[in-house]
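# A closer look at the structure
So you can see what is in the structure, the chains are spelled out below.
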Amino acid sequence: MDKKFTVGMAQTFPRLGDVEFNLHRHLELIREAQGLGVDLLVFPELSLVGYTLRDLVPHVAVRPSPEHPIWKPLLEASRDIALVVGFVEEDERRQFFVASAFLDGGETVHVHRKVYLPTYGLFEEGRYLGAGSGFSAFDTRFGRAGMAICEDVWHLSTPYLLGVDGADYLIFCSASPAYGVGTDQEGATANAATVTQFTKTYASLLTSYAFHVNRVGVEEGISFWGGSMAISPRGQVLAQAPYFEEALVPVEVDPGLLRVARQRLPLLRDEKPLMVQNELSRVTSKESGDER
Amino acid sequence: MNVEALLLQDVPLVRRMLVSALRAELGRFGFKKAVLGLSGGLDSSLAAYLAAEAFGAENVLAVMMPYRTSSPDSSRDAMEVIQRLGLRHATIEITDMVEPLFAKIPNMGSRRQGNAMARARMIILFDQSEAWGGLVIGTSNKTELLLGYGTIFGDMASAVNPLGDLYKTQVRNLAREMGVPDAILAKPPSADLWPGQTDEGEMGLTYAEVDKVLCLLVDERLAMGEVVQAGFSEKFVRQVWRMVQRSQYKRLPPIILKVSGRTAGWEFRMPRDWGT
């Protein structure tokens, strides 16, 4: 398990609502990544479909089953390389979710449904999509991992839950629009600066690897900033993709760094999830009671 | 509160975002060329610089559309931009187009005549768009759009508008960064629809002041009372907000009267960039 491996961050510009085209592009990038020695290739949020879908949601939704014509070639490709792909998932009851799936060895290992659907400002996900119901870490051949999608990561509890569930590798997939062009952060939009800051913080405090893979390109006049990053368990930037440009960035991951980081800062060892649970029970029971 | 600082931007970042987005939004529909009306004013000059950077000067058609009373300075400044960038260009006078209409309808007044001229230019640009094989680049800035200082279906018409989220103050800063000639940066903004017209004279306000108030009301989401407390006269703040309110219709597509269960704009909500 302590063998080094290579993560590829695929910073793509999906074609809005054109699943076939995007699938083709995924397969091309998978081949390219294999040439670079990538073991795990991570695509951004909704990489198979694009972001500002609105009423296209039912037109592009996929059942992540081995027979599905979009899923099948991805599963095939995952026999040689592990993948994280972003899509709109349709469930058995014909409901739609923003989802990212971890594929490996020809199987769907884990699907995370986005829990926090931003529905404010320029975001309108809650109008078109259903929300996921939780976060769980899962085992992979690289170690235990956890996934979260864009707005999920802006909620503090998300990385915490994944961390206490044993995730050593936090995989964050985003379609993050670029906005806020003040003069206080060099070359990055305000929200890009915030995401960079908290991704480093999460990795440092959870002494875990964090990967934030964000898309680029433009939809409906909205630019997506890219800047995908890999952060070490000590909060250092191991690799960062450029802003606003497509890129495939490989980064070598040394699981041994987890061991070093956790000797230095044994925060996870000393974490008290039961205490947190008790405190949350107290707080939430008060909130639902008469005192409110 | 330092309101001036709120209007400051990371100008190279804005330039990078606008150029790449302009390229992407035209490219997705198969276009690599652009056309725009170039008056020699600040907004259209900046739009020309952005388009030239996005598509290459040889792929940008700048159309000058003077009326017989248009200021000769405007044409001179427009030619300066064309020559500096190496844009393709054409001059199509609108005098012969609009004067028969003015003759038919006496006492139109300068406002109606100005609107007719703006719409005549729109007809030319969209026709050139088809002939040239490039989309029309808009030149309305955020200040004008919010105040409604523009002609609906006239100069407000375009396929993609790179300036619509920049206040006039910010347009000026980006134009300076991109090397727009000093003479254009220095002259008072004018629609040049009649001799001596200036935006600030016609609206009875200055861009420097109104940009600050709009920034506080719109971007910073302050209430009118809070803007007054920040040091602006209540009368002025109310005037600005009323202008924004009264021009809301100009920033939206026309109202469709609903009868069916799936109406364009309500239940039928496809993205504009669908499939691209």
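Calculation criteria
- Residues numbered from 1 in each chain as written.
- Chains lettered and ligands numbered in written order.
- Predicted model: local features only at pLDDT ≥ 70, side-chain atom pairs only at ≥ 80, totals over all residues.
- Helix = DSSP H or I, 4+ residues; strand = E, 2+ residues; numbered from the N terminus.
- Rg over C-alpha atoms; globule rule 2.2 N^0.38 Å.
- Buried ≥ 20, exposed ≤ 12 C-beta atoms within 10 Å, placed from the backbone.
- Contact = placed C-beta atoms within 7 Å.
- Core = buried A, V, L, I, M, F, W, Y, C linked by C-beta atoms within 7 Å.
- Pairing = 2+ DSSP bridges.
- Axes fitted to C-alpha atoms, helices over the stretch in contact; angles between N-to-C directions.
- Nonpolar A, V, L, I, M, F, W, Y, C, P; charged D, E, K, R; others polar.

### Some words on the overall build of chain A
Along the backbone of chain A there are 10 helices and 14 strands. The C-alpha radius of gyration computed for chain A amounts to 19 Å, which stays within 12% of the reference 19 Å derived for 292 residues, consistent with globular compactness. Sorting the 292 residues of chain A into buried and exposed places 48% on the buried side. Sequence-distant contacts in chain A: of pairs separated by 6 or more residues, those separated by 24 or more amount to 68%.

### Description of the overall build of chain B
Secondary structure summary: chain B contains 13 helices and 4 strands in total. Radius of gyration (C-alpha) of chain B: 19 Å, near the 19 Å computed for a compact globule of 276 residues. The burial tally for chain B puts 41% of its 276 residues in the buried class. Of the contacts made within chain B by residues no fewer than 6 positions apart, 72% connect residues no fewer than 24 positions apart.

### Let's talk about the nonpolar core
Val42 and Phe211 of chain A together with Ala48 and Ala51 of chain B are the most contacted members of the largest nonpolar core, which has 154 residues in total. Top element by residues in this core is helix H3 (residues 42–55) of chain B. It accounts for 10 residues. Excluding anything up to four places from it in sequence, Ala48 of chain B contacts Leu36, Leu38, Val60, Ala62, Val81, Leu85 and Leu87 of chain B.

### Details of the sheet that holds strand S7 (residues 143–149) of chain A
Residues and elements named next belong to chain A. Strand order in the open sheet made by the 6 strands is S6-S7-S8-S9-S12-S13, with mixed pairing throughout. A strand with exactly one partner marks an edge of an open sheet, and here the two such strands are strand S6 (138–140) and strand S13 (237–240). In this sheet, neighbouring strand axes are inclined to one another by 20 degrees on average, regardless of whether the strands run parallel or antiparallel. Both strand S9 (residues 209–214) and strand S12 (residues 229–231) contribute to a ladder of 3 bridges, which runs antiparallel. The residue of S12 that forms the bridge with Phe211 is Ala230. Sheet strands touched by helix H7 (residues 190–206): strand S8 (169–174), S9 and S12. Its angle to S9, the strand with the most contacts, is close to 155 degrees.

### Regarding the interface of chain B and chain A
Taken residue by residue, the interface counts 20 residues in chain B and 21 residues in chain A. Looking at the side of chain B that touches chain A residue by residue, the classes come out as 10 nonpolar, 4 polar and 6 charged.

### Remarks on the sheet that holds strand S4 (residues 96–104) of chain A
All names here are of chain A. Strands sit in the order S5-S4-S3-S2-S1-S14 across an open sheet of 6 strands; the sheet is mixed. The open sheet has two edge strands with one neighbour each: strand S5 (107–113) and strand S14 (247–253). Pairwise comparison of adjacent strand axes, ignoring direction, gives a mean angle of 30 degrees for this sheet. Taken together, the 7 bridges between strand S1 (residues 5–11) and S14 define a ladder with antiparallel strand orientation. Within the sheet, the bridge partner assigned to Val7 lies in S14 and is Val251. Seen against the sheet, helix H1 (residues 19–35) touches S1, strand S2 (40–42), strand S3 (82–90) and S14 and runs at an angle of roughly 40 degrees to S14.

### Considering helix H6 (residues 157–164) of chain A
Residue and element names in this part refer to chain A. All of the buried residues along H6 are Thr158, Pro159, Leu161, Leu162 and Gly163. The elements touched by buried residues of H6 are S7, helix H5 (151–154), S8, H7 and helix H9 (267–270). Following H6 by one or two positions, Gly166 has its phi on the positive side, about 100 degrees.

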